[in-house]
Amino acid sequence: MEHLFSSYKLKGMEVKNRIVMSPMCQYSVEKKDGVATDWHYMHYVSRAIGGAGFIMIEMTDVEPDGRISDYDLGLWSDEQIPALARIVEACHRYGAKVGIQIAHAGRKAEDADVPVAPSAIPFDENSKTPRALSTDEVKELVEKFRMAVQRAVKAGFDAIEIHGAHGYLIHQFHSPLTNKREDEYGKDLTKFGREIIQAAKEEIPEDMPLMMRISAKEYVEGGYGINESIEFAKEYQKAGIDIFDISSGGEGPIAAWGKPGTHAAYQVPLARDIKQALNVPVIAVGRLDDPALANAVIGNEDADLVAVGRGMLRNPHWALEAAAKLKKETAVPKQYSTGF
Ligand SMILES: Cc1cc2nc3c(=O)[nH]c(=O)nc-3n(C[C@H](O)[C@H](O)[C@H](O)COP(=O)(O)O)c2cc1C
């Protein structure tokens, strides 16, 4: 029977346990240059010391105006590689594997003078109206994703995650409410995402897992549901995604009927549905910071990996404490052994 501390192998990557540090923007770049700082180094390496098997570096963007804020990480320049490579190398020393979430915020780029999007539709009445990308610009963005992935491989990452969730650019393209284009990228809503996946596949080693985070359900009026997300996830799977990281929402103002759950494990049913429908590995996330519950998600085969976000903001040693609570073996750094 598998559990939270069973190892897991996906293509060439083996993780020591099923615990993922969920990607979380730190808005902590100092010079607006997209380069990781000492904060990022301490933040990620401390979770590696704290026993997480896999660490996902926060949303890292493919161009300066693709960031939510000017204080977000970027991978649009080779100069951004060394600081990330240093984090990867240190996390490896403490036994964690590391991935990076590659993204573009699209119409949610708050500091861009004029954000870009599939169509000129603002997020809500208080946000900037984005400019619709030309077809050539869409193709250029696919290449920017490719280059960011190429740099991530150079930095030594073990896996890449394409950010297709939370109302950011890829999500804006595959959602019928935000993509009203008449060109090839509007007639075929997953084309942009699929081309990014294909470009990424061309840049990563054969045995490196390619991950994708999706919002499996929208909460805006008229938004898509799980049946639609199963269909578009199939397209992404065919294009080369090895594992889906299942989240929800983020696409716009929440409809009165659609308040997302705030109870423990609220997104697990979505992860289980995608896993079963596609016969694909999935990561479950969302209020899974009770170790017994996270362990049950693995034991019940609802998901293959469990991501913890806010629980790890509170406690960098979440994984070590979970092992103690569940009475499972895990390597504790010798400096901390008396604490456990
Ligand atoms: C401060 C903060 C920043 C976040 N940034 C990102 C991000 O960069 N990319 C992403 O996909 N999700 C992001 N999220 C969502 C988390 O990865 C996670 O899915 C969410 O917090 C639910 O998990 P939890 O209940 O364990 O916190 C962020 C969440 C928080 C709290």
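Residues numbered from 1 in each chain as written. Predicted model: local features only at pLDDT ≥ 70, side-chain atom pairs only at ≥ 80, totals over all residues. Heavy atoms only, no water.

Trainee: Looking at this model, I keep getting lost on the overall build of the protein chain. Mind explaining?
Mentor: When helices and strands are counted, the protein chain shows eleven helices and 13 strands. Over its C-alpha atoms the protein chain spans a radius of gyration of 19 Å, differing by no more than 12% from the 20 Å that the globule rule assigns to 340 residues. A buried classification covers 59% of the 340 residues belonging to the protein chain. Put simply, 70% of the contacts in the protein chain that link residues at least 6 apart link residues at least 24 apart. By element, 49% of the accessible surface of the protein chain is carried by carbon and sulfur atoms, the whole surface being about 13,900 Å². Side-chain charges in the protein chain split into 40 positive and 50 negative, and the spacing between the mean points of these groups amounts to 4 Å. (Helix = DSSP H or I, 4+ residues; strand = E, 2+ residues; numbered from the N terminus. Rg over C-alpha atoms; globule rule 2.2 N^0.38 Å. Buried < 20%, exposed > 50% of the residue type's maximum accessible area, 1.4 Å probe, protein only. Contact = heavy atoms within 4.5 Å. Areas by Shrake-Rupley, 256 points an atom, 1.4 Å probe, with all protein chains shown as cover. Lys, Arg positive; Asp, Glu negative; His and termini not counted. Charge placed at Lys NZ, Arg CZ, Asp CG, Glu CD.)

Trainee: What should I look at first to understand helix H1 (residues 38-49) in this one?
Mentor: Along an α-helix, a turn takes 3.6 residues, which lines up residues three or four apart on a common side. Counted at 1.5 Å a residue, the expected span for H1 with its twelve residues is 16 Å, and the 16 Å between its end C-alpha atoms agrees. The complete set of buried residues in H1 reads His40, Tyr41, His43, Tyr44, Val45, Arg47 and Ala48. Against the buried residues of H1 lie strand E3 (19-21), strand E4 (54-61), strand E5 (73-74), helix H2 (81-93) and helix H10 (310-314). (Expected span 1.5 Å × (residues − 1).)

Trainee: When you look at the site of the ligand in this model, what are you seeing that I'm missing?
Mentor: Close to the ligand lie 15 residues; Ser22, Pro23, Gln101, Arg287 and Arg310 are nearest. Separating an oxygen atom of the ligand from a side-chain N or O atom of Arg213 is a distance of 2.9 Å. One of the backbone nitrogen or oxygen atoms of Gly309 is found 2.8 Å away from an oxygen atom of the ligand. Contact with the protein chains hides 82% of the accessible area of the ligand, taken as 610 Å² for the molecule alone. More than half of the atoms of the ligand fall within 2 Å of the grid points belonging to the largest pocket. (Near = heavy atom within 4 Å. Polar contact = N/O pair within 3.5 Å; in protein donor to acceptor, adjacent residues only side chain to side chain. 1 Å grid on protein atoms, 1.4 Å probe; cavity = no way out; pocket = protein on both sides within 12 Å on 5 of 7 lines; lining within 4 Å. Sits in = over half its atoms within 2 Å of the grid points.)

Trainee: Explain unusual backbone geometry to me, please; I cannot follow it from the model alone.
Mentor: With glycine set apart, most residues show a phi of negative sign, and most peptide bonds adopt trans. Its identity as a non-glycine residue notwithstanding, Arg287 has a phi of 50°, on the positive side. With respect to the helices and strands, Arg287 occurs in the loop between strand E12 (282-285) and helix H9 (291-299). Under the relative-accessibility criterion, Arg287 is labelled partly exposed at 41%. Here Lys327, not a glycine, exhibits a phi torsion of approximately 55°, which is positive. With respect to the helices, strands and loops of the structure, Lys327 is situated in the segment after helix H11 (318-326).

Trainee: Can you walk me through the side chain of Ser28 in this structure?
Mentor: Within the fold, Ser28 resides in the loop between E3 and H1. A residue is classified by how much of its surface remains accessible, and Ser28, at 18% relative accessible area, is buried. Ser28 has contacts with Thr37, Trp39, His40 and Tyr71, leaving out every residue within four places of it along the chain.

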